[in-house]
Structures are given as structure tokens and as C-alpha cells.
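Coordinate inspection notes
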Amino acid sequence: MVDDLYQEIILDHSKRPRNCRHMADANCAAEGHNPLCGDQLTLYLRMEDDRVADASFQGSGCAISTAAASLMTETLKGASREQALVLMERLHQMLTTDTPVRNDLGKLVVFCGVREYPARVKCATLAWHTLKSALSNSVEPVTTE
Amino acid sequence: MSTATSTVSARFDVEKVRADFPALHQRIHGQPLVYLDSAATAQKPLCVIQAIRRFYESDCANIHRGVHELSQRSTALYEAVRVKAQRFLNASHAEEIIFVRGATEGINLVAGTWGRKNLKEGDEIIVSALEHHSNLVPWQMLCEEKGARVLAIPIDDRGDLILEEYEKLLSPQTRLVAVSHVSNALGTINPIETVIAMAHRAGALALVDGAQAAPHVHVDVQALDADFYVFSGHKVLGPTGVGVLYGKSKLLAAMPPYHGGGDMIRKVTLEKTTYADPPHRFEAGTPNISGGIGLGAALDYIAAIGIEEIAAQEHDLLVYGTETLQTVPGLRIVGTARQKAAVLSFVLDGIHPHDIGTLLDRMGIAVRTGHHCAQPVMTRFGIPATTRASLAFYNTLAELDALAEGLKEVRERFS
């Protein structure tokens, strides 16, 4: 049952996170913080013509939040600002409601197990909240509290 | 079989005790519950649950000033708890026991009354680097308001207070030393008698946060010479929402009220009010009557077992748990103080405590993960969080084995 939460792809991305690096030429960045578990991350974006040309992150967190940041940065590359926000909305819906899981979430569908663990939803959404903040160029660190 | 095993079984009939705790006998995710989160809140014995139920079934009325039978009964039941709490802490007078919502409110009460009245610009309050946020934030708020400063006694790598550094912090500006008796995050039992004596030598008062000590060690506020001592009911097997602030009579007598309202007055006119004597001066409004009565039942239960017996049993569990956890590869215990309560805080190489907590939960094992409301402690050890197994006398050696086995499984999954 717990395998639904820690799917192989999540374990893989938590152990070997993709795009886990500083980005010197980022033109959008934001910090995210989950006070409950102490997770924190910095998200870097390089936006070109309102599209995500590159995305990376640094930080420390649990397997779920690390995998979420890793998979998010992979998924975002090439996406428009609009598409990124739509994706965030769909993911949020999957994690917080009982609606059937959509088939347009790509790899992000691996997080569907998280909704059975309400205490862990914040872990899966920290990177996305930070994305929203980065896209609005907010300078304040965001928190999931 | 270890020596710990034989001493535990010789001294203590844990199965008999466990029979008193209904919540322990259930399955979680199909597995028998292993409850290792008593530092967050203790499970409740049946006698506590029954006392609360009995109150609502047959004695329910508001306390004080009622002339009818039920009000007299509820008043007598409630005020009897004050005497039980007095005995529990070995206070000189029942009037030195003030009912509050919990340790947090007790500390805020002292900050808001004694602190507001007595603290001046340039004064200093000393806490320790071990404190729960509840014994840090109220003092920061007070000091910000008054232009005073909070200083912290540092801890060493074991999680012990560095008393030489404490000595250096004490000065004529020190008004109060507010330190925990036992650390919630690491389990350190502080040399609180020494801490208090040093505060007094410097002319300061001493407040002790006893939230983690009251359930596990014998407390004697007169022997300690504590000026204030607080604890929470729910950590001593009682219900949530009730706790105790002890204060020395002469200090309480000079303190202004906390909340204004009913029950805390002597005489009220539209122009002016004079206030009741302690403890009622600090107890405005209808209190948590059923909670207080439940707390009384919990203190009776502890007295019947004996706090020394409880402490000895928990010490054996701690020794066994410390040995057993060290068989888990990559596990490091955080907090190895010379004197420790039965708290096992640890990190596991490369695996975040939150993931550990979720996986253990699926095996029926309840632990706490995170910073335990003691972020400065985590900062001191350079870690974001720990996993904490906190024990009580109703835990068993088999449960500690289950924890160690569970952690080995967690490691395998993440390897």
C-alpha cells in the first residue's frame, strides 16, 4: 500500500534528483519553505519569451518534496507560463480531491498516491508553490503553512 | 537476553499497566499499534476517561458560588485537584497552584503578569538552547516590548547545558532564568537544581518548564527552590487543555492579574475593581472543570504506581532502546546527555525523517518527525529534523524491537 506513495520513479528522483543545481543566469527565482518538516528549496528559472527555457533547484527535503522538485523542473522545460500554472492547478486538484486522476499529467501522475497521505500533500506541493512565487517574481520566501 | 530485560520484568508488570490504557489495544494499518509519541501526548488510562465521563454524567455544574448540590459537588471535585497537584509538586500551599490550559499558558501567564510588571529596558532573561518554542517565544515577545534581551545557555555535542557559559551570562541585569527541566527534543535532564541556585546567587528568579519532566521524574518544587514551575496535564496521562502553574506565594501575591473577568475579583463597581487573592486572581472565567477533574484522576493513577517506579521502568526502556537502535546501520542518536529521560531522537543516513515517519506509520509505529518545536536545537546539530521515539512506562521491549526492525525495513526500501 505504501508502494503507492513511494513509487519507483519517486524513489529514483529523490535519490538522483535532476536539475539540482544553482543557475547563474536565472531571471526568476524564489525560495520555498515547509516549516512543518523543515524542507526548504530555492527554485531557479530562466524565462525566454514567456517560456521556461531552463529550470533548476537546490535545497533539502524529504523524498516526496525532492522528487516533486526534480520532476517539476523536468516537466517545466519548454512550457509557457500559462501551461505551467495550468499544470500546477491540475496537480493540486489530483492531490487534494477525490476526482478521477487525469491522463494529461504525464509523469506527475506518480504523485497520485500522495492524496491518501494528507500530512504529505505539503511535501508534494512545496516546489509548485515556489514556482508560482517565482513566476510572479515575488521576493518573499513562500511557505506551505 | 540483556540485563535490561531481566530488570524490567522483575520490577514491573507492564502487561497489567497496559490493560489500563484502552487506546494501546488497537491495530493501525493492520498492525498492532506501537505508540512511541508520549512526549507529544501521553495515552490516557481508563480511570481518567471515566472520571471525565462521571463528571458529565452526574456532577456537571459550574464551580464556585453555586448554592445547589451539583455546584458544590463540582467545586469540591475541582478544588481537590488543586491539593493533588500541590502534593504532586510538593508545594507548600494549595494556593500556589494555578490552573492554566497547559505549560504554554503557564509560561505566558508569568511573562504577561510578573514580566510586564517587573521587566525594564536593559534587563536580561536567560533561557537555554534546548528550549521548546513555548519557553522561548513568550520571553522574546516580552523582551521586544520592554527593550530587554534574551540570552541562551549553549549546549555541548551531547546535548548537555554548558554551565560555565551559563555562569558567564549571569549578571546584575539578569531578572529571570527560564529553563526546561527535561528537553523535549533530546531528552536531556538538566541539572535544574544547580541552574536555579546559580540564578538565585545572581539575584534572578527561576522558572522551570516541567512539561517533559512531570510525567517522568520526581518533582519537588521546594527542594528545587523553583520560583515558578509549569506542566501540562495531557503529558501526565491527563486530558488536553489543562495544566498547572506553580508559583511561590510571595511572588504570586505581588503579581497583577492575567485575564480580567468573572471569578478573579474581590469587588467590582462600574468605576473600579479590586482583585481576588491567588490563585483565583489568575483564573478568570469558567475553567476546564472536567479537564481538571481528569487531571486529578491522572495524578492519582501516577501516585498509585509511583513516580520512582515509572522513572526506573523508563530508564530500563531507554537503555534497551539505545542499544537496540544502534543495531540499525546508519542510525545516529542525537542527544546523548549524561542524564536522559526516555527520548530517542535520531537521524538515519540519507533518509528524511518525514519519510521514516510515514513508513513506520504503515507498520503501526507512531513516532514524531520534524523539529519538535525546538528549531534552535536542530540548528545546533546542523540538521533540519529528527525522528523521535519518546517512551512511557507502558511501552515494552518488544515495541523497541519492532521499531528497530521497522527502521531496517525503511533502510532497505530507500537503499
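Structure's up top.
Attention in this report is confined to the structure presented alongside it. Because the structure is a prediction, the values reported are computed rather than measured.

A few words now on the pairing of strand E5 (residues 124-128) of chain B. Residues and elements named next belong to chain B. Counted residue by residue, E5 has five buried out of five residues, so it is predominantly covered. Neither face of E5 is exposed, since Glu124, Ile126 and Ser128 on one face and Ile125 and Val127 on the opposite face are all buried. Pairing of E5 with strand E6 (residues 149-153), which is carried by five bridges, proceeds in the parallel orientation. Residue pairing in the sheet places Ile125 in a bridge with Val150 of E6. Handedness of the crossover is the feature at issue here: the chain leaves E5, passes through helix H6 (residues 137-146), returns alongside E6, and the resulting connection is right-handed. Pairing of E5 with strand E7 (residues 174-180), which is carried by three bridges, proceeds in the parallel orientation. Paired with Ile126 across the two strands is Val177, which belongs to E7.

A rise of 1.5 Å per residue sets the reference length of helix H12 (residues 307-325) of chain B, with its 19 residues, at 27 Å; its end C-alpha atoms lie 26 Å apart and thus fit the reference within 8%. All of the buried residues along H12 of chain B are Ile310, Gln313, Glu314, Asp316, Leu317, Leu318, Tyr320, Gly321 and Thr324 of chain B.

What follows concerns the interface of chain A and chain B. Taken together, the contact pairs 15 residues of chain A with 13 residues of chain B. Residues that form the side of chain A that touches chain B fall into these classes: 11 nonpolar, three polar and one charged.

Quick look at the sheet that holds strand E14 (residues 343-348) of chain B now. Residue and element names in this part refer to chain B. Strand order in the open sheet formed by four strands is E13-E14-E17-E16, with antiparallel pairing between adjacent strands. Each having just a single partner strand, strand E13 (331-333) and strand E16 (368-370) make up the two edges of the open sheet. Here the strands of the sheet are splayed against their neighbours by 30° on average, with no regard to which way each runs. Strand contacts of H12: E13, E14 and strand E17 (386-390), with the helix running at about 10° to E14, the strand carrying the most contacts.

Rules used throughout
In this convention, every chain numbers its residues from 1, walking through the sequence in written order. Labels follow written order: the first chain is A, the first ligand is 1, and so on. Note on the predicted model: pLDDT of at least 70 is required for a residue's local features to be given, and 80 or more for side-chain atom pairs to be given and counted; whole-chain, interface and lining totals, by contrast, use all residues. With C-beta atoms placed from the backbone, a residue is labelled by how many other C-beta atoms lie within 10 Å of its own: buried for 20 or more, exposed for 12 or fewer, partly exposed between the two. Every helix listed is a DSSP run of H or I at least four residues long, and every strand listed is a run of E at least two residues long, numbered separately from the N terminus. Any two strands are treated as partners once DSSP identifies two or more bridges connecting them. Handedness of a crossover is defined as follows: orient the strands so they point away from the viewer, and if the path from the first strand over the helix to the second runs clockwise, the crossover is right-handed. For a helix, the expected span equals 1.5 Å multiplied by the residue count minus one. By the criterion used throughout, residues are in contact when their C-beta atoms, derived from the backbone, lie within 7 Å. The classification used treats Ala, Val, Leu, Ile, Met, Phe, Trp, Tyr, Cys and Pro as nonpolar, Asp, Glu, Lys and Arg as charged, and all other residues, Gly among them, as polar. Note on geometry: axes are C-alpha line fits, over the in-contact stretch for helices, and angles between N-to-C directions span 0 to 180 degrees.

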